[in-house]
Each structure stands twice: as C-alpha cells, then as structure tokens.
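The lines below spell out each chain.
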Amino acid sequence: MRLTGDTMAFLADSLARIKPSPTIAVTDKARALKAAGRDVIGLGAGEPDFDTPDNIKQAAIQAIRGGKASKYTAVDGIPELKAAIARKFKRENGLDYKPSQITVGTGGKQVLYNALMCTLNPGDEVIIPAPYWVSYPDIVLLSGATPVPVVTKVEDGFKMKPEALERAITPKTKWLIFNSPSNPTGAAYTRAEVKAITDVLLKHPHVWLLTDDMYEHLVYDDFAFFTPVQVEPSLYERTLTLNGFSKAYCMTGWRLGYAGAPEFLIKAMATLQSQSTTNPNAAAQWAGVEALDGPQDFIPKHNAIFKERRDLCVSMLNQTKGIHCPKPEGAFYVYPTCEGTMGKTAPSGKTLATDEDFVTELLEAEGVAVVQGTAFGLGPAFRISYATATDVLEEACRRIQRFCGSLR
Ligand code: PLP
C-alpha cells in the first residue's frame with residue numbers, strides 16, 4: 001500500500017515531541033561511512049568493546065538446550081532471576097527488596113520507560129540534571145509530562161549542586177532522575193555529594209527519586225559508589241533503583257535490565273509490560289542469573305583497562321588546542337568542552353558555530369565520530385565513548401589533535 005496525503009497527520013501527536021537517539025544516529029552514520037570505504041573511528045556507541053563473559057553465555061546455551069527458554073516466562077522476570085537480583089541488592093547495596101518489589105525488563109531502558117509511563121501525567125515535571133542521557137527527556141516528553149533540566153557546570157565536575165535542585169522543585173515535580181556515574185560525563189557523586197542531594201529530597205516528600213545505577217561498577221581510582229537509598233534509607237518508600245546488565249556485564253545485545261521499587265509501582269509496571277513486550281527474553285534471564293551469581297573477577301580486569309583509556313583520553317585531549325577535558329570518576333565516557341574552537345574555520349572552509357559543526361567537521365576531516373554535547377543538554381562539548389581498543393583510541397585522539405591544530 002502506498003501512503004498518500006499528509007502522512008504526518010497519520011502519526012500520533014506524541015511522536016512529534018521526540019527525536020531519534022542522537023547517539024544511535026552518530027553510530028549509524030559512522031557505520032555507513034565505514035561501509036562506503038572511509039577510514040572511520042566510531043567513538044559514539046555507549047557499549048563495552050569486551051565480549052560477554054563465557055560463563056554467562058554458557059548459562060544461556062544450557063537454558064536453551066534444557067528447554068528452559070522455549071516458553072513465555074512470568075511477565076516481569078523468572079523467580080530465579082528475581083532472587084538473584086534481591087541477593088545482589090543486599091550484597092552490594094545493603095538494600096532489602098523482596099521479589100515482589102523487583103521487576104525485570106528488556107533492558108534498563110524499558111524499565112525506565114515503564115516507570116515513567118506508569119507515573120507521569122501531562123503537567124507533571126521531572127527534574128533531570130544536564131548533561132543527561134538522551135532517553136530521559138524524550139521518554140518524559142512521550143508521556144506528556146515536562147522535563148526540567150538542571151544544567152550543571154564543568155567547574156563542579158558536572159555534578160548538580162543541592163541549591164540548584166532546591167530551586168528546580170515545584171509542587172508539580174514528580175521525579176528526580178539521578179544518574180551516577182553519569183552517561184555522558186562519567187561524573188560520579190561521592191557519599192557526601194549524594195547525601196547533599198538526598199537532604200534536599202527529604203524536605204520535599206512529594207518528589208520521588210529514580211536512581212539510574214547502570215554504571216555502578218565502572219568506577220576508578222578507588223572511588224566508592226553509593227546508591228542514594230543506602231545513604232538515606234528513609235527515601236526507600238519513594239525510590240526506584242534502576243540497574244542492568246548491559247555495561248558491567250558486557251551484555252548490551254541481550255537486552256536485560258531491572259529495578260527495585262515499592263510493590264504497587266512494580267505491579268503497575270508489570271501491567272504495562274504485559275501489554276507491550278510481555279517477558280524479557282527467557283535465555284537472557286538465565287544468563288542474568290549467572291551474571292549476578294557467578295564470578296565477578298572480570299569487572300576489575302575490565303576497569304583497569306577502562307581506567308588506562310580514560311587517562312589516555314584526558315591527557316591527550318588536554319594537550320589539544322581549544323579543548324578542555326575534565327577527568328571523570330566513572331563510566332566509559334569523557335566529556336571535553338570545545339569552547340576554544342568556536343568561531344574558528346575548519347579545513348572545509350566552514351566556520352564552527354556550534355558543537356554540532358565541530359563533530360560534523362571532525363568526522364568529515366579526520367573520520368572520527370563523536371556525539372555533540374548539545375544532544376545531552378550542555379555544549380559546546382562532545383562525548384567520547386572510550387570503550388574501544390586502546391590503540392584505536394590513541395589514534396582517534398591524535399586525529400582530534402590534528403583537526404583542532406588545523407583550525408584557523
Ligand atoms: N541508563 C543509562 C545512563 C545508560 O547509559 C543506558 C544505556 O546506554 C541505560 C540506562 C540503558 O541500558 P540498557 O537498556 O542497555 O539496559
């Protein structure tokens with residue numbers, strides 16, 4: 001069938017409020033250029049370059065062979081996985097969540113989506129520190145509610161000050177979305193910094209906390225991670241603690257994430273999920289049990305490599321004309337500012353007016369794909385994902401140096 005007339009009118013109004021993920025767009029563009037024969041280094045994708053550990057793969061294979069992955073499962077997770085998640089929350093975070101307070105979805109993204117869709121009405125506000133992970137504001141917009149970005153400063157290490165949170169809270173505020181270590185900046189809040197944020201929330205009992213702990217394990221230099229409810233247990237009744245397997249367990253393709261929260265919210269989320277994707281992939285769930293209960297020794301090994309790459313990026317970028325790169329505590333991103341390059345002219349003759357110009361010209365001139373900071377709510381800057389082979393990363397930084405050196 002050929003669509004005629006105004007095809008836009010056929011689409012839902014809510015779709016006009018959101019855009020395709022800019023990080024996926026950059027990754028696709030780099031992939032297309034590579035396929036066309038260009039020498040491109042893609043630093044856009046937010047996923048580890050390491051393969052899923054073998055014991056985790058074997059658990060899925062066994063589940064498939066043993067017939068445990070052939071049928072629908074319980075909508076929001078098999079009991080074995082919920083039990084493993086409950087043990088994880090207790091062991092690593094000191095949190096008590098019963099299986100009935102745990103949900104499992106197709107990636108942390110679906111769990112986040114479920115939580116926001118189940119709680120937001122038009123007019124509600126959601127506070128999101130910026131720079132933010134691009135999906136937060138768009139999912140809020142899709143629900144009809146309003147994202148309220150709180151823009152942080154590079155000199156504060158991209159961490160939200162408690163006064164700024166206080167100023168952003170209104171009677172309409174429903175959630176604060178808190179993400180430490182952060183995508184896209186890698187910034188992670190110390191225990192004292194978390195406490196300063198939870199102290200503000202204590203004064204505003206109507207505000208719920210959605211803490212996205214996806215990068216919990218990816219911290220360097222002996223940084224100690226604390227999830228907010230560990231620091232302020234009295235927020236337990238109004239917190240959703242989101243986590244997943246994608247980053248620390250190198251399982252982005254498996255699509256598995258989870259959360260702990262009050263039971264009524266978990267039940268509502270299961271209802272929504274039952275009318276969309278039903279259960280997360282059964283084999284992936286069995287892999288998830290092994291990921292949480294099995295050996296964890298690959299995590300510090302990966303972290304030693306990530307730390308080396310972070311230090312390499314920070315050092316090389318800080319020796320680059322017009323670039324300033326703060327040293328983040330965690331995740332696998334750096335977020336250099338490129339203010340010093342604005343107004344300069346690229347080899348193509350184009351004058352750089354925005355960070356989008358910067359990343360476009362960098363890709364054109366040197367074949368390095370990064371994501372512009374304005375996509376994450378704070379520019380002029382760009383995000384580098386350093387989850388890529390160290391020698392490739394070094395070459396990419398050399399190309400960025402050459403590009404910035406060529407600006408006139
Ligand atoms: N939260 C943050 C901050 C992320 O960066 C991501 C993935 O990029 C997610 C959540 C969702 O991860 P997944 O859906 O792969 O579990």
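Here the structure is a predicted model, which is why all the values come from computation and not from measurement.

Chemist: What should I look at first to understand helix 12 (residues 298-318) in this one?
Modeler: Side chains three or four residues apart in an α-helix point the same way, a direct result of the helix having 3.6 residues per turn. Taking 1.5 Å of rise per residue, the 21 residues of helix 12 would be expected to cover 30 Å, and the 30 Å separating its terminal C-alpha atoms lies within 8% of that figure. Looking at helix 12, one finds that the buried residues are Phe298, Ile299, His302, Asn303, Phe306, Arg309, Arg310, Leu312, Cys313, Val314, Met316 and Leu317. Elements in contact with the buried residues of helix 12: helix 3 (54-65), strand 9 (333-334), strand 12 (382-385) and helix 14 (390-406).

Chemist: Even after reading the chapter, I still don't get the sheet that holds strand 5 (residues 173-179), so can you show me in this structure?
Modeler: Pairing between the strands of a sheet is mediated by backbone hydrogen bonds and can be parallel or antiparallel. Reading across from one edge, 2-8-7-6-5-3-4 is the order of the seven strands in this open sheet, with mixed pairing throughout. Edge positions in the open sheet fall to strand 2 (102-105) and strand 4 (146-151), since each of these has one partner strand only. Pairs of neighbouring strands in the sheet enclose a mean axial angle of 20°, with direction left out of account. Pairing of strand 3 (residues 125-130) with strand 5, which is carried by three bridges, proceeds in the parallel orientation. Each bridged residue has a counterpart across the sheet, and for Ile127 the counterpart in strand 5 is Leu176.

Chemist: Please clarify how the side chain of Lys159 should be interpreted in this entry.
Modeler: Mapped onto the secondary structure, Lys159 falls in the loop between strand 4 and helix 7 (162-168). Of the residues examined, Lys159 reaches a relative accessible area of 9% and is grouped as buried. Polar side-chain contacts of Lys159 include one of 2.9 Å to the backbone oxygen of Ala188. With residues up to four places along the chain from it excluded, the contact list for Lys159 reads Thr152, Ala187, Ala188, Tyr189, Glu193 and Glu329.

Chemist: How do you make sense of the sheet that holds strand 12 when you look at a structure like this?
Modeler: The three strands lie next to each other as 9-12-11, forming an open sheet whose pairing is antiparallel. Of all strands in the sheet, those with a lone pairing partner are strand 9 and strand 11 (371-372), marking the two edges. Bridge count between strand 9 and strand 12: two bridges; the pairing is antiparallel. Pairing of Tyr333 across the sheet is with Ser385, part of strand 12.

Chemist: Where do I start with the site of the ligand in this structure?
Modeler: Of all residues adjacent to the ligand, which total 13 residues, the nearest are Gly108, Asp212, Ser246, Lys247 and Arg255. Ser246 is positioned with one of its side-chain polar atoms (N or O) 2.6 Å from an oxygen atom of the ligand. Coverage of the ligand by the protein chains reaches 93% of its 390 Å² of free accessible surface. Taken together, the residues of the shell around the ligand sort by class into four nonpolar, five polar and four charged.

Calculation notes
- Residues numbered from 1 in each chain as written.
- Predicted model: local features only at pLDDT ≥ 70, side-chain atom pairs only at ≥ 80, totals over all residues.
- Heavy atoms only, no water.
- Helix = DSSP H or I, 4+ residues; strand = E, 2+ residues; numbered from the N terminus.
- Expected span 1.5 Å × (residues − 1).
- Buried < 20%, exposed > 50% of the residue type's maximum accessible area, 1.4 Å probe, protein only.
- Contact = heavy atoms within 4.5 Å.
- Pairing = 2+ DSSP bridges.
- Axes fitted to C-alpha atoms, helices over the stretch in contact; angles between N-to-C directions.
- Polar contact = N/O pair within 3.5 Å; in protein donor to acceptor, adjacent residues only side chain to side chain.
- Near = heavy atom within 4 Å.
- Areas by Shrake-Rupley, 256 points an atom, 1.4 Å probe, with all protein chains shown as cover.
- Nonpolar A, V, L, I, M, F, W, Y, C, P; charged D, E, K, R; others polar.

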